[in-house]
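The lines below spell out each chain.
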Amino acid sequence: MNRLQTIDVALDEMLVNLAAIVLRLSKPDVTRTPEARRALAQSVHQYAVCAKRSRDPRVHDLKSQLEQTLKPNLRVVARNDVTVS
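Definitions and cut-offs
Residues numbered from 1 in each chain as written. Predicted model: local features only at pLDDT ≥ 70, side-chain atom pairs only at ≥ 80, totals over all residues. Heavy atoms only, no water. Salt bridge = Lys/Arg side-chain N within 4 Å of Asp/Glu carboxyl O. Helix = DSSP H or I, 4+ residues; strand = E, 2+ residues; numbered from the N terminus. Buried < 20%, exposed > 50% of the residue type's maximum accessible area, 1.4 Å probe, protein only.

**Overview of the pattern of salt bridges**
Here comes step 1: With the rule as written, the count across this model stands at 4 salt bridges.
Here comes step 2: As a salt-bridge pair, Glu13 and Arg58 come within 2.6 Å of each other at their nearest N and O atoms. Taken as a pair, Glu13 in helix H1 (residues 3-25) and Arg58 in helix H3 (residues 57-69) lie far apart in primary sequence, 45 residues in all.
Here comes step 3: Taking relative accessible area as the criterion, Glu13 reaches 34% and is therefore assigned partly exposed.
Here comes step 4: Taking relative accessible area as the criterion, Arg58 reaches 37% and is therefore assigned partly exposed.
Here comes step 5: For Arg38, the salt bridge is made with Glu35, and the minimal N-O distance between the two is 3.8 Å. Of this pair, Arg38 and Glu35 both sit in helix H2 (residues 34-51), 3 residues apart, which is roughly one turn of that helix.

Written out as C-alpha cells, the structure is:
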C-alpha cells in the first residue's frame, strides 16, 4: 500500500468515527435548543463536504444517516376522532 492509500484509509476511518460521534449528538434529548440544532446542521454539512471525495461506502451511508437527522419528525394529530397528518 502506498502512502496516499494509507492516508486515504486513515481519513476514511476518521470520518467513520466522526460520524458515530455526530450521530450520538443528534439525539433529540441533546439537540433541544435552536443553537444545538444549528450546530448539528453545521456538523452534518461539514461532514458531507468531507465525505464527498471518499470512496468508502460506509462514509456515504453514514452521510445519509446524518442528513436524515436534520429532517423534521412528523407527528400524527387526531382531532374529533379524525386523524390529521
